[in-house]
Amino acid sequence: MSKEVKSVDYGLEKIFEGAQDFLPLLGTDYVEFYVGNAKQSAHFYKTAFGFQSFAYSGLETGVRDRASYVLKQDKIRLVLTTPLNSNSLINKHLAKHGDGVKVIALWVEDATSAFEETTKRGAKPFMQPTVEKDEHGEVVRSGIHTYGETVHIFVERKNYHGTFLPGYKPWKSNYNPEPVGLKYIDHMVGNVGWGEMNQWVKWYENVMGFVNFLSFDDKQIHTEYSALMSKVMSNGNGRIKFPINEPAKAAKKSQIEEYLDFYESPGVQHIAVATDDIIKTVAQLKARGIEFLPPPPQAYYDDIPRRLGTHMKMMKEDINELQKLSILVDADEEGYLLQIFTKPLEDRPTLFFEIIQRMGARGFGAGNFKALFESIEREQALRGTL
Ligand code: FE2
């Protein structure tokens, strides 16, 4: 693991030296999925993941070509959008990629400046700065293309007091399953094509002012069969973290290659969501039918005290309980982290979720990569895609 950027402090401002502040980002605003049936997807994310009904737009709000359901859990907002007729361009996206993430929306002070600063540095425009208004005020949004057909939308909402965005109404429902303790988006990972990782690393550096703060090469991320490379990009205050993966050559097909084959382009591989109590969260998710990658072998859990070293003293969780739920543990110099990965949430082996609890560690579970990828490969073998 190589640290390429010196970290300065863990306060909210300026964590990474070298990051540029022409694009101040306040956080993730929302993540929008294009899906085949938003009503049913919304039911799934409510029932299985404990998201809450939040806002809606569609025929009843005067929108004729699409329906969007907004779901919320603590700071996380998901928007599930589906086309309402065959003319919508969303159909083309769905036919090519299946259900997946279209928009990673970023909360900014000034969406016009965000657009100007990024496009003058080479970003391809997706949406010119646009003011949207209703009786609750106004929102300015703009957007740029990133890898594949994924886009970043900049959302300026300082003059808005409505539920979500103009055009949406509050969505009240009598069906409100309990949240499972998901708090915020920790990171979102993009899979890009062969040999394209460094080009996208440069893009995030040059266009967005991000820094590369961790890198993993194929010597670190490999199993007997497959390999990948990954670089983690972060904005200056560390709130937005985008690891970028590319496949690497090995004896068999990498999970990144499998993703690219089925998504038919680069795209978002996983969304990592943070919890304060992973044991409780994962127990609830399992009880609600979420399927996780199968557990690593007994030897993995036997080895945890050695791997955690001095952090073992501060570990509050019982290893047996973690093992029962197949939760993974990793440590870095600053602490440890607990994580687990769902199986893909679509029939195409594409997007999945990670649940993560950070106990001081700022890494991404590099110590788990091998165990994790062997587990993914067993699933790939079942799909005939290894
Ligand atoms: Fe992750």
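Residues numbered from 1 in each chain as written. Predicted model: local features only at pLDDT ≥ 70, side-chain atom pairs only at ≥ 80, totals over all residues. Heavy atoms only, no water.

Trainee: Please provide a residue-by-residue account of helix α3 (residues 111–119), values included.
Mentor: Those residues of α3 not exposed but buried are Ala111, Ala114, Phe115, Glu117 and Thr118. Buried-residue contacts for α3 involve β6 (125–134), β7 (137–145), β8 (151–156) and α4 (197–208). Where α3 begins, the side chain of Asp110 points an oxygen toward the backbone nitrogen of Thr112, at a separation of 3.0 Å. (Buried < 20%, exposed > 50% of the residue type's maximum accessible area, 1.4 Å probe, protein only. Helix = DSSP H or I, 4+ residues; strand = E, 2+ residues; numbered from the N terminus. Contact = heavy atoms within 4.5 Å. Polar contact = N/O pair within 3.5 Å; in protein donor to acceptor, adjacent residues only side chain to side chain.)

Trainee: So what about the layout of surface pockets? Which residues, and what values?
Mentor: Put simply, the second largest pocket is a space of about 580 Å³. Forming the boundary of the second largest pocket are 26 residues, of which Glu32, Tyr34, Arg66, Phe126 and Arg141 lie nearest the centre. Listed by contribution, the elements that provide at least two residues to the lining of the second largest pocket are β1 (27–34), β3 (66–73), α2 (90–97), β5 (100–107), β6 and β7. For the lining of the second largest pocket, the class distribution of residues is 14 nonpolar, five polar and seven charged. (1 Å grid on protein atoms, 1.4 Å probe; cavity = no way out; pocket = protein on both sides within 12 Å on 5 of 7 lines; lining within 4 Å. Points joined across faces, edges and corners; volume = space filled by probe spheres on them. Nonpolar A, V, L, I, M, F, W, Y, C, P; charged D, E, K, R; others polar.)

Trainee: Could you give me a rundown of the coordination of the iron ion, with the residues and numbers involved?
Mentor: All of the protein donors around the iron ion are His187 (NE2), His270 (NE2) and Glu354 (OE); their distances to the metal are 2.0 to 2.2 Å. Look at where the donors of the iron ion fall in the sequence and you get H-x82-H-x83-E. In this pair, His270 is assigned in strand β14 (residues 267–275) and Glu354 in strand β17 (residues 352–359), connecting sequence segments 84 residues apart. (Donors = N, O, S within 2.8 Å, 3.2 Å for Na, K, Ca; no water.)

Trainee: Please provide a residue-by-residue account of the pattern of salt bridges, values included.
Mentor: Under the criterion given, the structure shown has 18 salt bridges. Between Lys183 and Asp276 there is a salt bridge whose closest N-O contact spans 3.4 Å. Residue Lys183 is located in strand β10 (residues 182–191), and its partner Asp276 is located in the loop between β14 and α6 (278–287); the two are separated by 93 residues in the primary sequence. The exposed category is assigned to Asp276, whose relative accessible area is 54%. The salt bridge partner of Glu334 is Arg362, with a shortest N-O separation of 3.6 Å. Linking Glu334 in the loop between β15 (328–332) and β16 (335–341) with Arg362 in the loop between β17 and α10 (369–383), this pair joins segments that are 28 residues apart in sequence. (Salt bridge = Lys/Arg side-chain N within 4 Å of Asp/Glu carboxyl O.)

Trainee: Residue-level account of the sheet that holds strand β12 (residues 227–234), with values.
Mentor: Pairing is mixed in the open sheet, where eight strands are placed in the order β11-β12-β13-β10-β14-β17-β16-β15. Across the chains shown, the open sheet's two edge strands, defined by having one partner strand only, are β11 (211–216) and β15. Between one strand axis and the next, the sheet turns through 25 degrees on average, direction left out of account. Each of β10, β12, β13 (241–248) and β14 touches helix α5 (residues 255–263); the most contacted strand, β14, lies at about 115 degrees to it. (Pairing = 2+ DSSP bridges. Axes fitted to C-alpha atoms, helices over the stretch in contact; angles between N-to-C directions.)

Trainee: Describe in detail the domain arrangement of the chain, supporting the description with residues and values.
Mentor: On domain assignment, one finds that the chain holds domain 1 (25–170) and domain 2 (182–383). For domain 1 and domain 2, the distance between their C-alpha centroids amounts to 25 Å. With 42 residues of domain 1 in contact, the opposing surface of domain 2 contributes 40 residues. Summed over both partners, the interface of domain 1 with domain 2 buries about 3,200 Å², with 66% contributed by carbon and sulfur atoms. Of the charged contacts in the structure, one is a salt bridge between Lys183 and Asp74, with a shortest N-O distance of 3.6 Å. Inspection of the region where domain 1 meets domain 2 yields 13 residue pairs in polar contact (both at pLDDT 80 or more). At the level of secondary structure, the elements contributing two or more residues to the side of domain 1 that touches domain 2 comprise β1, α1 (38–49), α2, β5, β7 and β8. (Domains from an automatic or database assignment. Buried area = accessible area lost by both parts, 1.4 Å probe.)

Trainee: Would you mind going over the packing of aromatic side chains in detail, with residue names and values included?
Mentor: All chains considered together, the criterion is met by 21 aromatic pairs. Consider the rings of Tyr45 and Phe51, whose centres lie 6.4 Å apart with planes at 75 degrees: the pair is edge-to-face. Both residues of the pair, Tyr45 and Phe51, belong to the buried class. Aromatic side chains Tyr56 and Tyr69 sit 5.0 Å apart centroid to centroid with 65 degrees between the ring planes, which places their arrangement in the edge-to-face category. (Phe/Tyr/Trp six-rings, centres within 6.5 Å; stacked < 30°, edge-to-face > 60°.)

Trainee: Kindly report on the side chain of Glu377, identifying the contributing residues and their values.
Mentor: Tracing the backbone through its elements, the reader meets Glu377 in helix α10. Here Glu377 occupies a buried position and makes no salt bridge, while the nearest side chain of opposite charge, Arg378, is found at 7.5 Å. (Lys, Arg positive; Asp, Glu negative; His and termini not counted.)

Trainee: I'd like a rundown of the environment of Asn87, residues and numbers included.
Mentor: Following the sequence through the fold, Asn87 ends up in the loop between β4 (76–83) and α2. Overall, Asn87 belongs to the exposed group, its relative accessible area being 70%. Taking the C-alpha atoms as reference, Asn87 lies 37 Å from Met233; in sequence the two are 146 residues apart.

Trainee: Give me empty space enclosed by the protein: which residues, what numbers.
Mentor: Enumeration according to the criterion identifies six cavities of 30 Å³ or more in this entry. Quantified by volume, the largest cavity comes out at close to 210 Å³. With four residues, the single largest contributor to the lining of the largest cavity is α10. Class assignment of the residues belonging to the lining of the largest cavity gives a composition of 14 nonpolar, six polar and one charged. The calculated volume of the second largest cavity comes to roughly 150 Å³. Together, 16 residues line the second largest cavity, and Gln255, Pro344, Phe352, Ile376 and Arg383 are the ones closest to its centre.

Trainee: Which residues make up the nonpolar core, and what values do they have?
Mentor: By size, the foremost hydrophobic cluster in this structure holds 101 residues, and its most contacted members are Phe33, Met208 and Ile271. When residues of this core are assigned to their parent elements, the largest contribution, seven residues, is made by α4. Each of domain 1 (25–170) and domain 2 (182–383) accounts for three or more of the residues forming this core. Beyond its immediate sequence surroundings of up to four residues, Ile271 is in contact with Val31, Phe33, Val101, Ile185, His187, Met188, Leu351, Phe352, Phe353 and Glu354. Counting 16 residues, the second-largest nonpolar core is a separate cluster that includes Tyr30, Val70, Met127 and Val139. (Core = buried A, V, L, I, M, F, W, Y, C linked by side-chain atoms within 4.5 Å.)

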